[in-house]
Amino acid sequence: MAKNNKKDILIFKTFNIKQFISLILGLLFFLTGIALIILYFLEAYAPIYSSMKENLSSALSSFNSGTHTSLGFIGWGIISFLLGAIIIAISLSMASKLEDKEKERKARRELRLKQLKENTEEAIVEDVISSQTEVK
């Protein structure tokens, strides 16, 4: 049985580096989705003849030409929002599994130490009993 002696570097006691990077990436996607959804609502409900409406409409047309789709702010916002939420959920799930595994490892270690302590106490008592019977 070969043991994997690779030690994970933990951040905040629960995340290793890969999980932390994926959490940050998920947060970026999530916040980008929220920003795109906000831009959609600003563009949709801005007064018709305002400079903000014209700027957001030109930004929307350049966004659509840049992505080569007609999804616009709302479509890409929802996609980015959901993708970020999925990445965050997976990252937190993996961190939770890592923490559970660490707690389970500590509990097994405590149990082994307790068993070892009981065995040594029994051995000492047996040695004392056997040494007393040999002396008589």
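Scoring rules and cut-offs
Residues numbered from 1 in each chain as written. Predicted model: local features only at pLDDT ≥ 70, side-chain atom pairs only at ≥ 80, totals over all residues. Heavy atoms only, no water. Salt bridge = Lys/Arg side-chain N within 4 Å of Asp/Glu carboxyl O. Helix = DSSP H or I, 4+ residues; strand = E, 2+ residues; numbered from the N terminus. Contact = heavy atoms within 4.5 Å. Expected span 1.5 Å × (residues − 1). Buried < 20%, exposed > 50% of the residue type's maximum accessible area, 1.4 Å probe, protein only. Arc of directions from axis to C-beta. Polar contact = N/O pair within 3.5 Å; in protein donor to acceptor, adjacent residues only side chain to side chain. Phe/Tyr/Trp six-rings, centres within 6.5 Å; stacked < 30°, edge-to-face > 60°.

(A) Looking closely at the pattern of salt bridges. Scanning the model with the defined rule gives two salt bridges in all. A salt bridge links lysine 53 to glutamate 43; the shortest N-O distance between them is 3.8 Å. A residue pair is termed long-range when its members are at least 10 positions apart, and lysine 53 in helix H2 (residues 51-67) and glutamate 43 in helix H1 (residues 17-45) qualify at 10 residues. Residues arginine 108 and glutamate 104 are paired through a salt bridge, measuring 3.1 Å at the closest nitrogen-oxygen approach. Separated by four residues within a single helix, arginine 108 and glutamate 104 lie in helix H3 (residues 72-135), roughly one turn from each other.

(B) Expanded view of the side chain of serine 80. Positionally, serine 80 belongs in helix H3. Apart from residues lying up to four places away in sequence, serine 80 is in contact with Phe29, Phe30, Thr32 and Gly33.

(C) Geometry of H2. Between its first and last C-alpha, H2 extends 24 Å over 17 residues, near the 24 Å set by a 1.5 Å rise per residue. Along H2, the residues that are buried comprise Lys53, Leu56, Leu60 and Asn64. Along the axis of H2, the buried residues cluster in a sector spanning 75 degrees; they form a single face. Pointing more than 90 degrees away from the buried face of H2 are the exposed residues Ser51, Glu54, Asn55 and Gly66. Following H2 by one or two positions, histidine 68 adopts a phi angle in the positive range, close to 60 degrees.

(D) How the structure looks around the side chain of lysine 53. Overall, lysine 53 belongs to the buried group, its relative accessible area being 18%. Only 2.7 Å separates the side chain of lysine 53 from the backbone oxygen of glutamate 43, close enough to count as a polar contact. Ignoring any residue separated from it by four or fewer positions in sequence, one finds lysine 53 in contact with Glu43, Ala44, Ala46, Pro47 and Ile48.

(E) Local environment of the packing of aromatic side chains. Evaluated as defined, the whole model comprises four aromatic pairs. Seen in terms of ring centroids, phenylalanine 41 and tyrosine 45 are 6.1 Å apart; in terms of plane orientation they differ by 10 degrees. Their pairing is stacked. Taken together, the residues span about one helical turn, with phenylalanine 41 and tyrosine 45 both in helix H1 at a distance of four residues. For phenylalanine 41, a relative accessible area of 40% corresponds to the partly exposed category. Through successive ring pairs, a cluster of aromatic residues spans Tyr40, Phe41 and Tyr45.

By themselves, these are just geometric observations and shouldn't be taken as functional.
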